[in-house]
Amino acid sequence: MDFDLILRVYPFFIEAAWVTVQLSVLTTLLGLACGTLGAMARLSRLRVFRMIGAVYVSVFRGTPALIQLFILYFGGPQFGLHLDAFTAGVIGLGVNIGAYMTETIRGAIIAIDKGQTEAARTVGLSRFQTMRYVILPQAARLMIRPLGVNINALIKGTALVAAISVVELTYTAQRFIGSTYKPFEMFMISGALYMIIIYATGRGITWLDRKARIV
Amino acid sequence: MTEPKPFVNIRNAQKSYGTLEVLKDISLQVARGEIVAIIGPSGSGKSTLLRAINDLDPLTGGEVWLEDTQINKKLPHRQYEKHINQVRQDIGMVFQHFNLFPHLSVRENVTLAPKLLKGLSDDAAEALAREQLDKVGLLDRIDYYPSRLSGGQKQRVAIARALAMKPKVMLFDEATSALDPELVEEVNLVMKKLAEEHMTMIIVTHEMGFAETVCDRVIFMDKGVVVEEGPPSKIFRNPDNERTQNFLRKHLANANR
């Protein structure tokens, strides 16, 4: 291990880690938005929406995220869609993880006992009120852990955007290998920083989950 | 002499799942203030009939009326939703498994619907919760969450939750069937109290003793039809129909075992 080298390059990796964190946060937010919409579509009363939701999930879970990114970033300009790499990364990964989150959110909602809906409807609550005041508050608690699994996968998935040259942790490692010829050290730094990010996120999820337990 | 106009009026109710007929042309009238028990073996359709009254299990044929309002009107979706949310406010329902909202306190369970649907202020809602919980004897549990209540207490909160909407009729779907035997009585007492206040009640039950002492009329259903109906003294002491006799005999044998 070349510790001198590690000490010299690590500031660049910290900067790259910050980009990875930004990517992760924005991707999570977009993923949650897509996942919520997707789950609503899949649970809709209307067949069209259910179909749209089902197609969304099967297309984005059924193809590699890398291909989806390439289509967006390299294929987009053919149709006049010019995105910078970071934006393309967030959109590509966010829409992708949203398909997984769709199923997570939907799963939590349908896990709530049917009797809850019946009780809410029989006192006169509308479908929307039932969802808003009775089902979602209970389902939200059930979603925290499985969404945490999605987010864990998503953070590691941000490594893919190195392939469209976003300067994040993986890309930075590759770049320094070009000049230092020390792949072991470079990838170890990246890996360690990923682990820190993921560990911290995991702790956050556990904390949220505990806090949300039903009394 | 004219018959009093029925309060709840079920006309030619039919319900089938595919080829399986669960309700076969049932008609049933309930007068205001009347207390009706529906008994019968499992699978007889009694719960389905009860759940048809507030359109929780929509009928495939026939009509259900509450006073001058047809409950199961055929309407375009949006209009139907508006209509049904309105009429359901007049029909309280109590379930076998309580279905309390576990994320809400006892107080919030009772006040959720009145606050949302009747726009009650916090003070008015608090007063309402206290009034209803006092009625079921659980005022001291107002701050509890359902998970800390016994089954009997849960069911009494569920009754308070239904009463908070000031319904015109109460439906009980085997309200004591999921309770430990020693907890049945506290729920029965609350129901008796409602009976004394002349609440209109339709009660699906396996508790023959309760049906006999509290109800004005007993309906015996089997295989989707009303086999026999009459005052409890008649149905329980001297039923005409052989199916009724068989059912009661089996039931009593089980109860005494």
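Bear in mind that the values here come from a model prediction, so they are computed numbers and not experimental data. (Residues numbered from 1 in each chain as written. Chains lettered and ligands numbered in written order. Predicted model: local features only at pLDDT ≥ 70, side-chain atom pairs only at ≥ 80, totals over all residues. Heavy atoms only, no water.)

K.L.:
Is there a simple way to think about the overall build of chain A in this case?
P.N.:
What chain A contains, in helices and strands, is 8 helices and 0 strands. Dimensions of chain A, computed from the C-alpha atoms along their principal axes, are close to 70 × 45 × 20 Å. When burial is assessed residue by residue, chain A has 46% of its 215 residues classed as buried. Contacts in chain A between residues far apart in sequence, at least 24 positions, make up 75% of those at least 6 positions apart. Carbon together with sulfur atoms contributes 69% to the accessible area of chain A, which is approximately 11500 Å² in total. Within chain A, the 10 negative side-chain charges are centred at a point lying 15 Å from the centre of the 20 positive side-chain charges. (Helix = DSSP H or I, 4+ residues; strand = E, 2+ residues; numbered from the N terminus. Buried < 20%, exposed > 50% of the residue type's maximum accessible area, 1.4 Å probe, protein only. Contact = heavy atoms within 4.5 Å. Areas by Shrake-Rupley, 256 points an atom, 1.4 Å probe, with all protein chains shown as cover. Lys, Arg positive; Asp, Glu negative; His and termini not counted. Charge placed at Lys NZ, Arg CZ, Asp CG, Glu CD.)

K.L.:
Explain a nonpolar patch on the surface here, please?
P.N.:
All names here are of chain A. Together, Met-1, Phe-3, Phe-184 and Met-188 make up a nonpolar patch on the protein surface, roughly 470 Å² of accessible area in all. Counting through the fold element by element, Met-188 comes out in helix H8 (residues 183–212). A relative accessible area of 43% means that Met-188 is categorised as partly exposed. (Patch = residues over 30% accessible without salt bridge, like charges linked within 9 Å, V, L, I, M, F, W, Y side chains within 5 Å. Salt bridge = Lys/Arg side-chain N within 4 Å of Asp/Glu carboxyl O.)

K.L.:
In this structure, what is going on with the interface of chain A and chain B? I would like to understand it.
P.N.:
You'll often see interface size given as the accessible area lost when the parts meet. With 22 residues of chain A at the interface, the matching set in chain B holds 25 residues. Here chain A meets chain B over a buried area of about 2100 Å², counting both sides, of which 61% is carbon and sulfur. The three residues of chain A that bury the most area against chain B are Arg-121, Thr-122 and Val-123 of chain A, which together make up 28% of that side's buried surface. Joining chain A to chain B, the criterion identifies 2 salt bridges. (Buried area = accessible area lost by both parts, 1.4 Å probe.)

K.L.:
Just to check I follow, could you spell out the pairing of strand E2 (residues 20–30) of chain B for this structure?
P.N.:
Looking along a regular strand, one sees the side chains alternate between the two faces of the sheet. Residues and elements named next belong to chain B. Bridging between strand E1 (residues 8–17) and E2 involves 7 bridges; their strand directions are antiparallel. When the bridges of E2 are listed, Ala-13 appears paired with Ile-26. Hairpin connection of E1 to E2: 2 residues between the antiparallel strands, including Gly-18 at a positive phi of 60°. (Pairing = 2+ DSSP bridges.)

K.L.:
Looking at this structure, I do not really get the confidence of the model for chain B. What am I missing?
P.N.:
Where the model shows low pLDDT, its predicted coordinates should not be examined in detail. In this model, chain B carries an average pLDDT of 91, and 97% of its residues clear a pLDDT of 70 or more. Predicted complex metrics record ipTM = 0.91 and pTM = 0.86. (pLDDT = per-residue confidence, 0-100.)

K.L.:
Is there a simple way to think about the sheet that holds E1 of chain B in this case?
P.N.:
Hydrogen bonds between backbone atoms are what pair the strands of a sheet, whose relative direction is either parallel or antiparallel. All names here are of chain B. Strand order in this open sheet of 4 strands is E2-E1-E4-E5, and the pairing throughout is antiparallel. On the outer flanks of this sheet lie E2 and strand E5 (69–70), each paired with one strand and no other. Summarising the sheet, strand E4 (residues 61–66) and E5 pair through 2 bridges and their orientation is antiparallel. Bridge assignment links Leu-66 to a residue of E5, and that residue is Thr-69.

K.L.:
For this particular structure, what's the right way to read the packing of helix H1 (residues 3–42) of chain A against helix H2 (residues 47–62) of chain A?
P.N.:
Helix-helix packing: each pair is described by the crossing angle between the helix axes and the interaxial distance. Residue and element names in this part refer to chain A. Where H1 meets H2, the axes come as close as 7 Å, and the angle between the chain directions of the two elements is 135°. With respect to H2, the element H1 is oriented oblique. H2 is crossed by H1, and the crossing has left-handed handedness. Together, Cys-34, Ala-41 and Arg-42 of H1 and Phe-49, Arg-50, Gly-53, Ala-54, Tyr-56 and Val-57 of H2 make up the contact between the two elements. Counted by class, the contact of H1 with H2 contains 6 nonpolar, 1 polar and 2 charged residues. (Axes fitted to C-alpha atoms, helices over the stretch in contact; angles between N-to-C directions. Parallel < 35°, antiparallel > 145°, perpendicular 65-115°, else oblique. Left-handed = near helix turned anticlockwise from the far one by under 90°. Nonpolar A, V, L, I, M, F, W, Y, C, P; charged D, E, K, R; others polar.)

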